[in-house]
Amino acid sequence: MTVIRTDYAAYNSRGVQVRTFNDLPRARAWVRDNASLHVGLHLQEVSLVARKIYTPRSRPAADCGRAVFA
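Residues numbered from 1 in each chain as written. Predicted model: local features only at pLDDT ≥ 70, side-chain atom pairs only at ≥ 80, totals over all residues. Heavy atoms only, no water.

Caption draft 1: Layout of the overall build of the protein chain. Helix and strand counts for the protein chain stand at one helix and three strands. Listing every helix and strand of the protein chain by position from the N terminus yields β-β-α-β. Each of the 70 residues in the protein chain was classed as buried or not, and the buried ones make up 17%. In the protein chain, the share of contacts with a sequence separation of at least 24, taken over all contacts with a separation of at least 6, comes to 51%. (Helix = DSSP H or I, 4+ residues; strand = E, 2+ residues; numbered from the N terminus. Buried < 20%, exposed > 50% of the residue type's maximum accessible area, 1.4 Å probe, protein only. Contact = heavy atoms within 4.5 Å.)

Caption draft 2: Layout of the pattern of salt bridges. Applying the stated criterion to the full structure yields one salt bridge. With a shortest N-O distance of 3.1 Å, Arg5 and Asp7 are connected by a salt bridge. For Asp7, a relative accessible area of 13% gives the class buried. (Salt bridge = Lys/Arg side-chain N within 4 Å of Asp/Glu carboxyl O.)

Caption draft 3: Inspection of the packing of aromatic side chains at higher detail. This structure, assessed with the given rule, holds one aromatic pair. Geometrically, the ring pair formed by Phe21 and Trp30 is tilted, given 5.7 Å between the ring centres and 50° between the ring planes. (Phe/Tyr/Trp six-rings, centres within 6.5 Å; stacked < 30°, edge-to-face > 60°.)

So this is what it looks like as structure tokens:
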């Protein structure tokens with residue numbers, strides 16, 4: 001698995017995402033400044049992960065294993 005991007009999301013006490021940041025210090029400052037407006041404001045780290053789930057098998061060549069006559 002490969003982590004593509006990590007963001008920080010601010011959630012209120014009901015679990016509703018209020019705002020998303022890509023910088024942790026900025027996210028902490030925003031939560032600290034807006035804690036009185038949103039009850040139970042907290043940060044969660046959200047990572048976007050890429051994972052290979054399917055790779056089709058290659059097909060054999062048309063003349064593979066057969067004699068080809070001209």
